[in-house]
Amino acid sequence: MNKNKIYDYQKLLGTKNSQEVIIWAIDYFGKKNIVLSSSMGAEDQVLTDMVIRIEPGVEIFTLDTGRLPEETYNTIEETERHYNKKIEIIFPERRYIEELVNRYSPNLFYESIARRKLCCQARKVKPLKRKLSSLKAWICGLRREQALTRTGAEVIEWDENFELIKINPLIKWTEKDTWDYIYKNRVPYNKLYDKNFSSIGCEPCTRAIKNGENTRSGRWWWEDSEQKECGLHLQKSSVTKRT
Ligand code: SF4
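Counting restarts for each chain: residues are numbered from 1 in the order of the written sequence. Totals for whole chains, interfaces and linings use all residues, but because this is a predicted model, local features are given only for residues with pLDDT of at least 70 and pairs of side-chain atoms are given and counted only at 80 or more. Hydrogens and waters are ignored; side-chain quantities use all the structure's heavy atoms.

Comments concerning the overall build of the protein chain
Applied cut-off: A run of H or I in DSSP counts as a helix once it spans at least four residues, and a run of E counts as a strand once it spans at least two, with each numbered from the N terminus. Throughout, the radius of gyration refers to the C-alpha atoms, and the reference size of a globule is 2.2 Å times the residue count to the power 0.38. Here the term buried applies to any residue with accessible area under 20% of the maximum for its type, exposed to any over 50%, and partly exposed to those in between, with areas from a 1.4 Å probe on protein chains only. The criterion used for residue contact is that any of the two residues' heavy atoms lie within 4.5 Å. Areas reported here follow the Shrake-Rupley algorithm with a probe of radius 1.4 Å; residue values treat only the protein chains shown as occluding. Working convention for charge: Lys and Arg count positive, Asp and Glu count negative, and His plus the chain ends are omitted. For charged residues, the charge sits on one atom: NZ in Lys, CZ in Arg, CG in Asp, CD in Glu.
Helix and strand counts for the protein chain come out as 7 helices and 6 strands. Seen in sequence order, the protein chain has helices and strands lined up from the N terminus as α-α-β-α-β-α-β-α-α-β-β-β-α. Relative to the globule expectation of 18 Å for 243 residues, the C-alpha radius of gyration of the protein chain, 17 Å, shows essentially globular dimensions. Based on the C-alpha atoms only, the size of the protein chain along its principal axes is roughly 45 × 40 × 35 Å. With 243 residues in all, the protein chain has 54% of them scored as buried. For the protein chain, contacts bridging at least 24 residues in sequence account for 70% of all contacts bridging at least 6. As presented, the protein chain carries roughly 12,000 Å² of accessible surface, and 48% of it is formed by carbon and sulfur atoms. Measuring between centres, the 42 positive side-chain charges of the protein chain sit 2 Å from its 35 negative side-chain charges.

Structure representation (structure tokens):
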């Protein structure tokens, strides 16, 4: 897709609901050229349900960083059983993890933001880059209201970081919209949400939140909110709006 066309498609897709956006994207790119990337979080579970209802042949994958909570592995298995569909699991390359852990420490992410980002690079960004390198588009569960770093996201974007199109069908959704869909459609979800977790990533970098805290405040809670991305959804580097 010509990058200049993206602005036109932002206008077109901005008038459509989430399912219509997914139908358009699968039709435009072809089911073999587009994937759903799932962290097994609430939004991604909504998208899993939508994508399977629309086109069960679209691949769904998740990243196993090696530091996920047990509940996330349970969610993978429950989701596979519920939909009778295999979720592909992508792993980081062993040599990067060995090098990092041996140079610093197993829990290097608590030592500095720079080291936390090195860990996210090795465990998340590099394997994702490998996975996306042969594809034309990926579907993600970003919502604008999730974080300061996501307020400029659009329904369709050119992802500079991974060099393909990114589709965000839930971009305008609220947290309530997400949970209304999950309950109404009996979508399986990560049981950590029942323990006051609101955004779930790796076990050492995720904690439950208190009432009134921002939904992303349980992620890397020792950092400023402007820093709270793992490198998978870098807004600054993506073409998002016509200026
Ligand atoms: Fe490493 Fe934490 Fe990033 Fe997971 S979220 S890759 S453990 S720094």
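Now that the structure is up, let's keep going.
Observations regarding the confidence of the model for the protein chain
Just so we agree on the cut-off: Known as pLDDT, the predictor's per-residue confidence is scaled from 0 to 100.
Of the residues in the protein chain, 91% have a pLDDT of 70 or more, and the chain-wide mean is 91. This stretch, residues 236-243, has a pLDDT under 50; its non-local contacts, to residues over four places away or in other chains, come to 21 contacts.

Notes on the packing of helix 5 (residues 94-103) against helix 6 (residues 113-132)
Test applied: Inter-axis angles, ranging from 0 to 180 degrees, are taken between N-to-C directions of lines fitted to C-alpha atoms, where helices are fitted over the stretch in contact. Our angle categories are set so that under 35 degrees counts as roughly parallel, over 145 as roughly antiparallel, 65 to 115 as roughly perpendicular, and the remainder as oblique. Classification used: nonpolar for Ala, Val, Leu, Ile, Met, Phe, Trp, Tyr, Cys and Pro, charged for Asp, Glu, Lys and Arg, polar for all others including Gly.
The interhelical angle for the contact between helix 5 and helix 6, taken along N-to-C directions, is 170°, at an axis separation of 10 Å. Accordingly, the angle class assigned to the pair helix 5 and helix 6 is roughly antiparallel. Across the interface between the two elements, Tyr96, Ile97, Leu100 and Val101 from helix 5 touch Leu118, Cys119, Ala122, Arg123 and Lys126 from helix 6. Tallied by class, the residues present in the contact of helix 5 with helix 6 amount to 7 nonpolar, no polar and 2 charged.

Considering the sheet that holds strand 2 (residues 59-63)
Keep this limit in mind: Strands are treated as partners if at least two bridges between them are detected by DSSP.
The mixed open sheet is built from 6 strands, whose spatial order is 3-2-1-4-6-5. Only two strands of the sheet have a single neighbouring strand rather than two, namely strand 3 (88-90) and strand 5 (156-159). Ignoring which end each strand starts from, the neighbouring axes of this sheet average 35° apart. On top of the sheet, helix 6 reaches strand 1 (34-37), strand 2, strand 3, strand 4 (137-139) and strand 6 (164-167); it is set at about 160° to strand 2, its chief contact.

Regarding the site of the ligand
Our working definition: When we say a residue is near a molecule or strand, we mean one of its heavy atoms is within 4 Å of it.
The ligand sits among Phe109, Arg116, Cys119, Cys120, Arg123, Lys124, Cys202, Cys205 and Trp220. Class assignment of the residues belonging to the shell around the ligand gives a composition of 6 nonpolar, no polar and 3 charged.

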